[in-house]
Amino acid sequence: MRQLRQCLSLTALLLCSTGLWAQSFSNLDFEAANPAAGPGPAPGLLSWAAAAPGWSHGGIGGSGGNGDTDYVYQDLPHVGISPWYALLDREAGSNVLQGRYSLSFASGHASSLDPGSAWVPAYLSQTALIPLDTRSLQWLGTGPLQLFVNGQALTGVAGASANAWAADLSAYAGQIAELRFQNMALSPQVPVTLDGIAFSTVAVVPEPASVWLLLGGLAGLMGIQRRQHAAQHAMD
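Now for a quick tour of the structure. Everything numeric here is computed off the predicted structure, so don't read it as measured data.

**Comments concerning the packing of aromatic side chains**
Alright, step 1. Enumeration according to the criterion identifies five aromatic pairs in this entry.
Alright, step 2. Ring geometry for F25 and F199: centres 5.2 Å apart, planes at 55 degrees, overall tilted. Placement of the pair is F25 in the loop between α1 (2-18) and β1 (45-46) and F199 in strand β15 (residues 192-200), with a sequence separation of 174 residues.
Alright, step 3. On the basis of relative accessibility, which here comes to 22%, the residue F199 falls in the partly exposed class.
Alright, step 4. Arranged with centres 5.5 Å apart and planes meeting at 70 degrees, the rings of W139 and F181 form a pair that is edge-to-face. Pair noted here: W139 is in strand β9 (residues 136-142) and F181 is in strand β14 (residues 176-183), with a separation of 42 residues, a long-range link.
Alright, step 5. Taken together, the aromatic side chains of W48, Y85 and F105 make up a single cluster linked through ring pairs.

What follows is the structure, given as structure tokens:
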């Protein structure tokens, strides 16, 4: 019995150290939104738990009382130049990227009315376990949207369909990491829209331009090596 308990303890320690008991990412397609469950202080405002459960956010700002990003808009326009977030609903006539819901957000100034106030980036983030067999992360996105993993910016490669993107995530497979999607605009009221985030076992395929650039570089190196070899042969 004692040996069994020791074995279980060691197994638990191993699982914890490898992150296998860590929380998984959730609500990556934003379809878990439930507007009826969390109305905000006024019509057209939703609590974060109702609009985007599982997600953290940045861009807390606004003038007086609650910051403008304490709540998520639903069918309500933003007034001012501070950051904002909005739940887009297909059934309400919004232009969503996939399914019923997408999330849109914009960076802005710390004050809704003062263009001289500090710039505050808006972002969505979530920290959990990246599946062990992950090769890439895929998502649907529009606007100046940038993916960060543990603070490191990753290059997005355009997919075959409209608004589809992917990034190489193989270096983070099996790790607990933060995914952050940030609006990189430097002007207010420039929204991005995000949806359909998914881990994939398919590796990212470089863009054709990147492939040709790589082949061109290799050809150039081979040409240099041939000239060096010919010059050395002539000297001999």
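Text resumes after the structure shown.
**Here we look at the nonpolar core**
Alright, step 1. In this structure, L124, W139 and L194 are the most contacted members of the largest nonpolar core, which totals 34 residues.
Alright, step 2. When near neighbours in sequence (up to four residues on either side) are disregarded, L124 contacts F30, W48, W55, S56, H57, Y85, L103, F105, L179, R180, F181 and L194.
Alright, step 3. Residues L45, Y73, A86 and A106 belong to the second largest nonpolar core, which totals five residues.

Conventions we followed
- Residues numbered from 1 in each chain as written.
- Predicted model: local features only at pLDDT ≥ 70, side-chain atom pairs only at ≥ 80, totals over all residues.
- Heavy atoms only, no water.
- Phe/Tyr/Trp six-rings, centres within 6.5 Å; stacked < 30°, edge-to-face > 60°.
- Helix = DSSP H or I, 4+ residues; strand = E, 2+ residues; numbered from the N terminus.
- Buried < 20%, exposed > 50% of the residue type's maximum accessible area, 1.4 Å probe, protein only.
- Core = buried A, V, L, I, M, F, W, Y, C linked by side-chain atoms within 4.5 Å.
- Contact = heavy atoms within 4.5 Å.

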